[in-house]
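Letter by letter, the chains look like this.
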Amino acid sequence: MSTLSLTPICAPATPLLPSAVVVLRVSGPDLSAVLLPFVALPPPRVASLRTLCWGGFRERALVLFFPGPASYTGEDVVEFQIHGNPLLARRLLQHLGTLGVRLAEPGEFTRRALLNGKLGLLEAEALRDLVVAETDAQIRLAQARAGAEPDWISEARRGLAPWMARAEAVVDYGEEEGILLNLKDLAKAMEPFRARFHVEQVRARAARHLQDGIRLALVGAPNSGKSTLFNALAGEDRAIVTELPGTTRDVLEVRCEWRGLPLRLFDTAGLRESEDPVERLGVARVGPVLEMVDLVLHLIPAGVETPDLVRTMLVPFQAKVLVVHTFADLCPAPGLAIATTLGDLDALETGLKERLLGGLAPDACLGALATGRQLELLDELGKQLDLLVDLDAGCFPELPASLLQGAWGLLARLTGEDRADSALDALFGGFCLGK
Ligand SMILES: Nc1nc2c(ncn2[C@@H]2O[C@H](COP(=O)(O)OP(=O)(O)O)[C@@H](O)[C@H]2O)c(=O)[nH]1
Ligand SMILES: [Mg+2]
């Protein structure tokens, strides 16, 4: 493994807050020489006490040295564990600057690890999600993705390679050599991969909802039970509930986990024509919420007609509307019906899981792809394979060759082997400093 020779970088690996210990991390080539004027590095991987002297400070610190390539970044890595004073930490970082060690950009340690082949793009994306996970399930999902590349990706690569070679040979020498590509055999060979990609698409959609959290808007006419449901799902009394219509006038937001679903809930003002300027402002705020959420729960009290205003407002969002009949304790209702004040919300749980997780149990999503980038590429792969399996017998030989190449390229983009800077920039922009 060859490491790229880059400027040494440093960053706090722990938050800079008054605390027991702050860890500062340095990565770069040949750190023994770079840091020599400041500290004699201890033997590899042995935590050792050193007295660090600079700028009038005398700090007893624990120092760890991980020589490259057996380190997180693949370069030499040094960790300083100092007393948890944020100012002291900043002063030490400044001092490292005088030794030619610059402050790292967000995610730069992991970026170097990736460039040095210590981890793949899928793994790096999983690490980012692990760091920001807010629920147990999100941590488990991110951890399951942080291991080796999924089997089905390597299997698809192995399966595609010989066909790609054959299809290209047909394009290059087909006529002279009389080589032909049997499209039926090709379709037969591709079918298992196509089937697997489609399974992975379903799993990835569900995993993405679980990993990112689900943005859910509660919408409907006044007094349809929105705020009551909001409080019930959040497990706390956040929104004011009254029998008076028009109580909720602003958008309320809460993050919670409800029956295993990580939710970001939005309670909204009841939709109706109103003379009250404050209520009108509240209604005007519903539109942008409808735009940004993953799913809209349209609450309709059982046995009550939906007002035209509500119907009209929801038309552009039909694809993400789920109708929920409320007050099922007072009146029988068709379809998804709940009685919030009685705590009867089972139908909602089933409906949400069916709609958002495709009926999969959260554990069935472990190890699935889960980011928007991954999902987009997976959808493209699915389409590419659909085309390959359905090729017309009379098609030009260039077509299967280019479809196979396309699929191959998509797999490379998925795992980051194409080293596209745009994907890396997007990813590491979302990292924290020192990771
Ligand atoms: N019986 C019954 N009453 C409910 C139910 N959901 C809400 N309510 C009551 O209906 C009234 C209006 O509810 P609220 O949540 O403020 O409606 P919103 O205007 O849509 O936010 C309150 O008095 C609630 O206690 C339900 O499922 N059954
Ligand atoms: Mg309300």
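Everything below is about the structure shown above.
Reading the values: rules and limits
Residues numbered from 1 in each chain as written. Chains lettered and ligands numbered in written order. Predicted model: local features only at pLDDT ≥ 70, side-chain atom pairs only at ≥ 80, totals over all residues. Heavy atoms only, no water. Buried < 20%, exposed > 50% of the residue type's maximum accessible area, 1.4 Å probe, protein only. Helix = DSSP H or I, 4+ residues; strand = E, 2+ residues; numbered from the N terminus. Pairing = 2+ DSSP bridges. Near = heavy atom within 4 Å. Polar contact = N/O pair within 3.5 Å; in protein donor to acceptor, adjacent residues only side chain to side chain. Areas by Shrake-Rupley, 256 points an atom, 1.4 Å probe, with all protein chains shown as cover. 1 Å grid on protein atoms, 1.4 Å probe; cavity = no way out; pocket = protein on both sides within 12 Å on 5 of 7 lines; lining within 4 Å. Sits in = over half its atoms within 2 Å of the grid points. Nonpolar A, V, L, I, M, F, W, Y, C, P; charged D, E, K, R; others polar. Axes fitted to C-alpha atoms, helices over the stretch in contact; angles between N-to-C directions. Parallel < 35°, antiparallel > 145°, perpendicular 65-115°, else oblique. Left-handed = near helix turned anticlockwise from the far one by under 90°. Contact = heavy atoms within 4.5 Å.

**Q** Explanation requested: the pairing of strand 7 (residues 214-220) in the structure shown.
**A** Side-chain positions along a regular strand alternate between the two faces of the sheet. For strand 7, the buried fraction is high: 6 of the 7 residues fall into the buried class. Strand direction decides the pairing type here: strand 7 and strand 9 (residues 261-267), joined by 5 bridges, are parallel. Counterpart to Ala217 in the pairing with strand 9 is Phe266. With 5 bridges joining them, strand 7 and strand 10 (residues 295-301) adopt parallel strand pairing. Within strand 10, the position partnered with Leu216 by the bridge is Leu295.

**Q** Mind showing me how you'd approach the site of ligand 1 here?
**A** By nearness alone, 16 residues border ligand 1, and Asn223, Lys226, Ser227, Thr228 and Thr341 come closest of all. Interatomic distance of 2.9 Å between a backbone N/O atom of Ser227 and an oxygen atom of ligand 1. The backbone of Phe327 places a nitrogen or oxygen atom 3.5 Å from an oxygen atom of ligand 1. Coverage of ligand 1 by the protein amounts to 86% of the 590 Å² it exposes when considered alone. For ligand 1, the cavity whose grid points lie within 2 Å of the majority of its atoms is the second largest pocket. Split into classes, the residues belonging to the shell around ligand 1 amount to 5 nonpolar, 8 polar and 3 charged.

**Q** Quick question: what am I supposed to make of the packing of helix 5 (residues 136-145) against helix 7 (residues 183-212) here?
**A** Helix packing geometry: the angle between the two helix axes and the distance between the axes. Between helix 5 and helix 7, whose axes approach to 8 Å, the crossing angle comes to 125°. On the basis of their axis angle, the class for helix 5 and helix 7 is oblique. When the axes of helix 5 and helix 7 are compared, the crossing they make is left-handed. Contacts from Gln138, Leu141, Ala142 and Arg145 of helix 5 reach helix 7 at Ala207, Leu210, Gln211 and Asp212.

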